[in-house]
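Notes for the structure review
Listed here are the chains, written in short residue letters.
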Amino acid sequence: MTTYGQLYGSFLKIGMFTLGGGYAMIPLMEREVVDKRQWLSQQEFMDAMAIAQSMPGIFAVNMATHVGFKQRGALGAVCAVLGNIAVPIGIIVILAMFFRSFADNRVVESIFKGIRPAVVALIAAPVFNMARTAGVKWQNAWIPIAAALLVWLWGVSPIAIIALAVIGGIIFARIKTINNK
Amino acid sequence: MIFWRIFIIFLKIGAFNFGGGYAMIALIHNEVVERQGWLTQQEFIDVVAISQATPGPLGINVATYAGYTAVTNAGYAPAMGILGAVLASFSVVLIPMLLMVLVSKLLQRHSHSPIVKTVLRVLRLVVVGLIASAALVLVSPENFGSYQNAPMQLVVSVIIFVVVFVAARKRVNPITLLGLSGLTGLLIYIW
């Protein structure tokens, strides 16, 4: 039987090597959860990924919740999530404690002056590929464009936009089903 | 009280965080920089940069950092800052964890319902816009320099932006790109 310690340990390992965003750790998680521990079958892993992506929250944490809960219930989910986020929290706390005293350092400031525009470029780069995967076409391009402009120019909260998207989606689906009848 | 505010704000951020780390940037920026002022524009982008180069989900990293600075900025000792950091990270995962357990079975059963399908499709469209807005709000004089005050920095920044944008689309490793940009910054601005 799976122990809480195994759940914690496996996800600690996964969390330690999640560099550069949640999706980078999919192969690592698959090896650990499917091949090594056999907590999920290949098909269950794929299904879990689809759900973890469509729910709010951090993808890796959602996966940890799902696996932990399936193995050992609520406490299992908590153990898996704690393992998953322990190392990142530790690293950032240490950085936060010292970063501010370094931030005014000439060398550090020079490095970050170079890095800041690069970060913006890294965020912007996947937008077009994502647009294709999300199915953006001429007829619906106004939706992402309106969302971007509302947040950028008018400081509208993304929370309001997501809520609106959910409500809009429900209304749109209702109208479509009524029309089809 | 600051701890209660951290709890509520990050609970909210977690609950509405659809579409992965980059989509979360717009959300966290709006709450943490624009509304609460817990981080400056520069601190925020520095944390995003650090997150790219350290393990861990962006959401956890930013929550941890913001929780720490919010508490220490309010005049508490660093030990209390650690408490704020841990609190912020737990708040951000709390609602998604509950939803994942409670709703995932339901969603699995209804994944073919037209309403669920349509809502997810609209959300995916909106998320693309939110990621674009995350990039747009970060294009600021603090991060790029300005025509009046720092024209030289503006030119360098635009060049770095274009090069990194093109390289990232060709799937060059982001950590490599950040390293090279940092090195460029060091060589240019240290003088």
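For the structure given in this document, a descriptive report is provided here. All figures in this text were calculated on a predicted structure; none of them were measured in a lab.

1. Here we look at the overall build of chain B
Across its full length, chain B holds nine helices and zero strands. Moving toward the C terminus, one meets the helices and strands of chain B in the order α-α-α-α-α-α-α-α-α. Within chain B, buried positions represent 55% of all 191 residues. Long-range contacts, defined here as pairs at least 24 residues apart, represent 58% of the contacts in chain B between residues at least 6 apart.

2. Examining the overall build of chain A
Across its full length, chain A holds eight helices and zero strands. Ordered by position from the N terminus, the helices and strands of chain A form the series α-α-α-α-α-α-α-α. For 181 residues, the compact-globule estimate of 2.2 N^0.38 gives 16 Å, and chain A exceeds it by more than 25% at 21 Å. Overall size of chain A, expressed as C-alpha extent along the three principal axes, is 55 × 55 × 25 Å. Burial status across chain A gives 46% buried among its 181 residues. Within chain A, residue pairs in contact and separated by at least 24 positions form 49% of the contacts whose partners lie at least 6 positions apart. Here chain A has roughly 8,900 Å² of accessible surface; of this, 68% comes from carbon and sulfur atoms. Distance between charge centroids for chain A: 7 Å, based on 15 positive and 7 negative side chains.

3. As for the environment of Lys12 of chain B
Mapped onto the elements of the fold, Lys12 of chain B is located in helix H1 (residues 2–15). When the C-alpha positions of Lys12 of chain B and Glu31 of chain B are compared, they lie 9.5 Å apart, and in sequence the two are 19 residues distant. Beyond its immediate stretch of four places on either side in the chain, Lys12 of chain B contacts Ile159 of chain A together with Glu31 of chain B.

4. Some points on a nonpolar patch on the surface
Taken together, Ile145, Leu149, Leu150, Trp152, Leu153 and Trp154 of chain A make up a surface patch of nonpolar side chains, about 600 Å² in accessible area. Summarising the element assignment, Ile145 of chain A is placed in helix H7 (residues 142–154).

5. Things to note about the packing of helix H3 (residues 41–53) of chain B against helix H4 (residues 58–73) of chain B
All names here are of chain B. Put simply, H3 and H4 touch, their axes get as near as 9 Å, and they point 135 degrees apart. Taken together, the axis directions place H3 and H4 in an arrangement best described as oblique. As for how H3 packs across H4, the hand of that crossing is right-handed. Residues Glu43, Phe44, Val47, Val48 and Ser51 of H3 pack against Leu58, Asn61, Val62, Tyr65 and Thr69 of H4. Residues that form the contact of H3 with H4 fall into these classes: six nonpolar, three polar and one charged.

6. Overview of the interface of chain A and chain B
Between chain A and chain B, the residue contacts involve 86 residues of the former and 100 residues of the latter. For the pairing of chain A and chain B, the buried interface totals around 8,600 Å² over both sides, and the portion due to carbon and sulfur atoms is 79%. Here chain A and chain B share one salt bridge between them. Arg116 of chain A is paired through a salt bridge with Asp46 of chain B; the nearest N and O atoms lie 2.8 Å apart. Looking at the side of chain A that touches chain B, the elements that each hand over two or more residues are helix H1 (4–16), helix H3 (42–54), helix H4 (59–103), helix H5 (106–124), helix H6 (127–133), H7 and helix H8 (158–180) of chain A.

Calculation criteria
- Residues numbered from 1 in each chain as written.
- Chains lettered and ligands numbered in written order.
- Predicted model: local features only at pLDDT ≥ 70, side-chain atom pairs only at ≥ 80, totals over all residues.
- Heavy atoms only, no water.
- Helix = DSSP H or I, 4+ residues; strand = E, 2+ residues; numbered from the N terminus.
- Buried < 20%, exposed > 50% of the residue type's maximum accessible area, 1.4 Å probe, protein only.
- Contact = heavy atoms within 4.5 Å.
- Rg over C-alpha atoms; globule rule 2.2 N^0.38 Å.
- Areas by Shrake-Rupley, 256 points an atom, 1.4 Å probe, with all protein chains shown as cover.
- Lys, Arg positive; Asp, Glu negative; His and termini not counted.
- Charge placed at Lys NZ, Arg CZ, Asp CG, Glu CD.
- Patch = residues over 30% accessible without salt bridge, like charges linked within 9 Å, V, L, I, M, F, W, Y side chains within 5 Å.
- Salt bridge = Lys/Arg side-chain N within 4 Å of Asp/Glu carboxyl O.
- Axes fitted to C-alpha atoms, helices over the stretch in contact; angles between N-to-C directions.
- Parallel < 35°, antiparallel > 145°, perpendicular 65-115°, else oblique.
- Left-handed = near helix turned anticlockwise from the far one by under 90°.
- Nonpolar A, V, L, I, M, F, W, Y, C, P; charged D, E, K, R; others polar.
- Buried area = accessible area lost by both parts, 1.4 Å probe.

These figures come from the coordinates and say nothing about function on their own.
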